[in-house]
Amino acid sequence: MPKPGKTKFQIDLRRHLREHYVNENLTHLICEIAEASKYIIHSISTGDLGVAGTSNLYGEQQLELDVLADRIMRKRLDHSRVVANMMSEEMDEIIPVSPDCDGKYSVAFDPLDGSSLVDVNLAVGTIVSIFEGCDLLQPGRRQVAAVYILYGPRTTLVYSVGKGVHEFGMNMLREYTLLQENIMIKPQGNLYSPGGQRNLYTPGVEAFVTKLEKRGVKLRYSGGFVPDINQILLKGQGIFFYPHLQNMPEGKLRLLFELSPMAYLIEQAGGAASDGRKPILDLLPTQIHERSPVFIGCKKDVAMAEEMIRKFENDKESGVNKNS
Ligand code: AFP
């Protein structure tokens, strides 16, 4: 709880990190990420929505905003003095910043996830995954922090350093002040966010969705991973999934930049995140741009997805992570 004499709304991000005894370098890093988001918001509201004329490793056309947001975040991290290596979803390879690993962090980030939604004025976000030292190719369970910033009707920042999940809102002065602490998710929910084409679902996933629909669960899907996960966190219930599809056994979402940080936050909030067979946080990425199927949210709903996949599919169909 906030200290006496201070209402929680006056506690800014740096104070909150200090009050949770987060070490100075990690506090500085998370605050630098928050600072970068202020320039990203500016680029969203004023930037050119055009195409940058370049494409990322996935062959996806990069929008001006993708490139701009990536540049803003990289510059901030580069000058932070606490980053050893960094990796962006928009780049092809790891960017070394400092050969010295001690007291430093390695950062994987998606600078503007869902950027294609900006030109239809839907919410988008920045997702950041933080490891201690120089190695980024580690299971997500070894993260020391995860952060996302949601650029929606309000700009909010959610972080965890393994001591609960906390939400901050950006005020008129562009400072992040505490909105709520220790967010928790119920064991079962009444909303679902189904990614991918339904006609390409495998038998286990189809059976899972049918069970949800028979329970009267409501469909809520924006096409943006950050707002869709944020909805589950703040409503305290729900499940998002972008499953293995008949034509995409690995699913669509990226393990390092999207799934590991969100799985860290959701598990910290008492939820679960699975690739359909095992926890996302236990997957060992073998290459930077690895994708994975994902079922993330209320524990019981994630368990039900795994049960349906076990019952109706074998490993071949379920896109099980070959390296796990
Ligand atoms: P982009 O960052 O390429 O726009 O993709 C966003 C995303 O990875 C994630 O934010 C959404 O959950 C997912 O794609 C939506 O995918 P569909 O458009 O296939 O539903």
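Placed above this text is the structure.
Please read all numbers here as calculations on a predicted model, not as lab measurements.

**Some words on the pairing of strand 6 (residues 124-132)**
Consecutive residues of a regular strand have side chains that alternate between opposite faces of the sheet. For strand 6, a buried count of eight out of nine residues is recorded, marking the element as mostly surrounded by other parts of the structure. Two elements, strand 5 (residues 105-113) and strand 6, share seven bridges in a ladder whose sense is antiparallel. When the sheet's bridge partners are listed, Ser106 is paired in strand 6 with Phe131.

**Focus: the state of the cysteines**
For the coordinates displayed, the defined rule picks out one disulfide. Each sulfur of the disulfide joining Cys101 and Cys134 lies 1.8 Å from the other. Every disulfide takes its handedness from the sign of the S-S torsion; for Cys101 and Cys134 that torsion is -105 degrees, giving left-handed. Remark: Cys134 occurs in the loop between strand 6 and strand 7 (145-151) and Cys101 occurs in the loop between strand 4 (95-96) and strand 5; sequence separation between them is 33 residues. A residue is classified by how much of its surface remains accessible, and Cys134, at 25% relative accessible area, is partly exposed.

**Thoughts on the site of the ligand**
Around the ligand there are 14 residues in total, and Asp113, Gly114, Tyr221, Phe225 and Tyr242 lie nearest to it. Between the ligand and Ser116, the relevant distance is 3.3 Å, taken from an oxygen atom to a side-chain nitrogen or oxygen of the residue. One nitrogen or oxygen atom from the side chain of Tyr242 is found 2.7 Å from an oxygen atom belonging to the ligand. A class-by-class count of the residues in the shell around the ligand yields five nonpolar, five polar and four charged. Taken together, domain 1 (8-180) and domain 2 (191-318) each give at least three residues to the shell around the ligand, which thus spans both.

Reading the values: the criteria
- Residues numbered from 1 in each chain as written.
- Predicted model: local features only at pLDDT ≥ 70, side-chain atom pairs only at ≥ 80, totals over all residues.
- Heavy atoms only, no water.
- Buried < 20%, exposed > 50% of the residue type's maximum accessible area, 1.4 Å probe, protein only.
- Helix = DSSP H or I, 4+ residues; strand = E, 2+ residues; numbered from the N terminus.
- Pairing = 2+ DSSP bridges.
- Disulfide = S-S within 2.5 Å.
- Near = heavy atom within 4 Å.
- Polar contact = N/O pair within 3.5 Å; in protein donor to acceptor, adjacent residues only side chain to side chain.
- Nonpolar A, V, L, I, M, F, W, Y, C, P; charged D, E, K, R; others polar.
- Domains from an automatic or database assignment.

The values are spatial; any link to function lies outside them.
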